[in-house]
Amino acid sequence: MAGAYDDRDGWIWMDGKLVPWRDANVHILTHALHYASSVFEGERCYNGKIFKGVEHSERLRRSANLLDMEIPYSVEEIEAAKYEMLKANGWTDAYVRAIAFRGAGEEMGVSAIHNPVRLAIAGWEWGAYYGDAKMKGAKLDISKWRRPDPKTIPCEAKAAGLYMICTMSKHAAQAKGCSDALMMDYRGYVAEATGANIFFVKDGEVHTPKPDCFLNGLTRQTVIGMLKEKGITVHERHIEPVELAGFEQCWLTGTAAEVTPVGQIGDFHFEVGALTRDIAESYERLVRA
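None of the values given here were measured: they were computed from a predicted structure.

Looking now at the pairing of strand β8 (residues 180–185). Within β8, 6 of the 6 residues are buried, which leaves the element mostly enclosed by the surrounding structure. Where burial is concerned, the two faces of β8 agree: the one with D180, L182 and M184 and the one with A181, M183 and D185 are both buried. Pairing geometry for strand β7 (residues 138–147) and β8, over 5 bridges, is parallel. If you follow L140 over to β8, its bridge partner there is D180.

What follows is about the pairing of strand β12 (residues 234–237). Pairing geometry for strand β11 (residues 205–209) and β12, over 4 bridges, is parallel. Residue V206 lies in a different strand from β12, and its bridge partner there is V234. Taking the sense of rotation as the criterion, the β-α-β connection linking β11, helix α6 (residues 218–229) and β12 turns out right-handed.

According to the domain assignment, the chain contains domain 1 (11–124) and domain 2 (132–288). Facing the 20 residues of domain 1 at the interface are 20 residues of domain 2. Buried surface at the junction of domain 1 and domain 2, both sides included, amounts to about 1,700 Å², of which 63% is carbon and sulfur. Three residues stand out in domain 1 for area buried against domain 2, namely F40, Y46 and R59, and they jointly supply 34% of the buried area on that side. For the pair domain 1 and domain 2, the number of links is 1 salt bridge. For the salt bridge of D93 with R288, the shortest nitrogen-to-oxygen distance reads 2.9 Å. Breaking the side of domain 1 that touches domain 2 down by element, the ones donating at least two residues are β3 (38–46) and α2 (53–66). Looking at the side of domain 1 that touches domain 2 element by element, the count peaks at 8 residues for β3.

Before going further, it helps to spend a moment on a nonpolar patch on the surface. A grouping of I28, L29, L33, Y35, M108 and V110 is seen on the molecular surface, where their side chains present a nonpolar patch of about 610 Å² in accessible area. Relative to the assigned elements, Y35 resides in helix α1 (residues 31–35).

It is worth spelling out the packing of aromatic side chains at this point. Enumeration over the complete set of coordinates arrives at 10 aromatic pairs. The interplanar angle of 85° and the centroid separation of 4.7 Å between the aromatic rings of Y95 and W126 together place this pair among those described as edge-to-face. Placement of Y95 in strand β5 (residues 94–102) and of W126 in the loop between β6 (117–124) and α4 (133–136) is noted, with a sequence separation of 31 residues between them. A relative accessible area of 4% places Y95 in the buried class. Here W126 falls in the partly exposed class, since its relative accessible area comes to 30%. Grouping aromatic residues by their ring pairs yields a cluster made of Y5, Y95, W124 and W126. A cation over an aromatic ring shows up here: R8 above the ring of Y5, its NZ or CZ 3.9 Å from the ring centre.

Right, let's talk about the side chain of N197 for a bit. Within the secondary structure, N197 is located in strand β10 (residues 197–202). A polar side-chain atom of N197 sits 3.3 Å from the main-chain carbonyl oxygen of L215. Contacts of N197, omitting those with residues within four sequence positions, involve E192, F214, L215, N216, G217, R220, W251, L252 and T253.

Turning to the sheet that holds β6, a few remarks are in order. Overall, antiparallel pairing links the 6 strands, which are arranged β2-β1-β6-β5-β3-β4 in an open sheet. The open sheet has two edge strands with one neighbour each: β2 (17–20) and β4 (49–50). Across 2 bridges, β3 lies against β4 in antiparallel orientation. In the sheet register, C45 faces β4, and the bridge partner there is I50. This element, helix α3 (residues 75–89), spans β1 (11–14), β2, β3, β4, β5 and β6 of the sheet and lies at about 40° to β6.

Turning to empty space enclosed by the protein, a few remarks are in order. Where empty space is left becomes clear once a probe the size of a water molecule has been rolled over the atoms. Per the stated rule, a full pass over the model turns up 1 cavity of 30 Å³ or more. Each pocket or cavity is described by its volume, and for the largest cavity that value is around 50 Å³. In this structure, the largest cavity is lined by E43, R44, Y46, F51, H56, L218, T219, T255 and Y283. Within the residue set of the lining of the largest cavity, elements represented by two or more residues are β3 and α6. Of the residues that make up the lining of the largest cavity, three or more belong to each of domain 1 (11–124) and domain 2 (132–288).

Let us now look at a negative patch on the surface. Residues D203, E205, E248 and E271 make up a contiguous surface patch of negative charge. With respect to the helices and strands, E205 occurs in strand β11.

Criteria and cut-off values
Counting starts from 1 at the beginning of each chain's written sequence and moves along it residue by residue. With pLDDT at 70 or above as the cut-off, local features in this predicted model cover only qualifying residues; side-chain atom pairs require 80 or more to be listed or tallied, and sums for whole chains, interfaces and linings still use all residues. The side-chain numbers reported here are obtained from all heavy atoms of the structure, hydrogens and water having been left aside. Burial classes: relative accessible area under 20% of the type maximum marks a residue as buried, over 50% as exposed, and values in between as partly exposed (1.4 Å probe, protein chains only). Secondary structure elements are taken from DSSP: a helix is a run of H or I of four residues or more, a strand is a run of E of two residues or more, and numbering for both begins at the N terminus. One requirement defines pairing of two strands: DSSP has to find at least two bridges between them. With strands facing away from the observer, any crossover in which the path from the first strand over the helix to the second runs clockwise is taken as right-handed. Domains are outlined according to an automatic or database domain assignment. In what follows, a contact means two residues having at least one pair of non-hydrogen atoms within 4.5 Å. Summed over both partners, the accessible surface that disappears when two parts come together, traced with a 1.4 Å probe, is what is meant by buried area. The term salt bridge refers to a pairing of a side-chain nitrogen on Lys or Arg with a carboxyl oxygen on Asp or Glu at a separation within 4 Å. Patches were defined on residues exceeding 30% relative accessible area and lacking a salt bridge, with like-charge contacts within 9 Å and nonpolar side-chain contacts (Val, Leu, Ile, Met, Phe, Trp, Tyr) within 5 Å. Using a 1.4 Å probe, the Shrake-Rupley method yields the accessible areas, and only the shown protein chains count as cover for residues. Two rings belonging to Phe, Tyr or Trp (six-membered ring only in the last case) form a pair when the distance between their centres is within 6.5 Å. Interplanar angles under 30 degrees mark stacking, angles over 60 mark edge-to-face geometry, and anything in between is tilted. Charge over a ring is defined by NZ of Lys or CZ of Arg lying within 6 Å of the ring centre and within 35 degrees of the ring normal. Under the rule applied, a polar contact is a pair of N or O atoms within 3.5 Å (in protein, one hydrogen donor and one hydrogen acceptor; residues adjacent in sequence only if both atoms are side-chain atoms). Inter-axis angles, ranging from 0 to 180 degrees, are taken between N-to-C directions of lines fitted to C-alpha atoms, where helices are fitted over the stretch in contact. Every definition here rests on a 1 Å grid over the protein atoms only: cavities are sets of points where a 1.4 Å probe fits but cannot get out, pockets are open sets enclosed by protein on both sides within 12 Å along at least five of seven lines, and lining residues have some atom within 4 Å of a point. Grid points are joined across faces, edges and corners, and a volume is the space filled by probe spheres set on the points. Neither His nor the chain termini are counted; the positive set is Lys and Arg, and the negative set is Asp and Glu. To locate a charge, take atom NZ for lysine, CZ for arginine, CG for aspartate or CD for glutamate.

Right, dumping it as structure tokens:
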């Protein structure tokens, strides 16, 4: 599949039915377009099965509730819709994007409690998110933008508006020849990349930022479980930027990123070591089991 995302063959599930790809449109006065009243999920289907699909659907509904929205579909109905979309497009391996948002309605100001909450589920065939970085390690910039204080945002929601500074950070990184950017949190601790959580290795133990102001990713949780099953100590803690110089290995986790090694962050370099490769390979086996 190639070309602009609004001009492709295929089917997208919208509000209870399949719609031809090019007809899956919304009105220009859709509330979410103006006020970011939108939540979404990114998922991957491997060999005909969506990895942790139910958990993603549950989080989608929780995210919506955090934004004062009630999705008019149950987890079971959302799951059925995902597979209906995949079947219509003939995919067994694909990326799945579910998005719930406030549509156009009676109100067009900040308040929109009477506007309908809509749900759409699309998908596309997507390879490695960071290209060849899985072999040599991704190169990351360090963003000037920070993840906000949880008193200012619903940080446990996968909300579209929270990605504004991620887009800005990634654009700045790409302009420097980097794949992504590492973001600090509002206190100055290491947080995450623009769309992925981050892990470090030192002396055979793993260190990862404590997700107290950013999303605790499902892939992150999966990888921590895998590490503990292997008997590897995992430290979930606040990490100071100066500590980057002492870490030996680094990787990113996320549905799109899967497990991607990192070779460089700013002026700091990391090896694509044995533990990084082992976790990446173990994750690949797990999702295709």
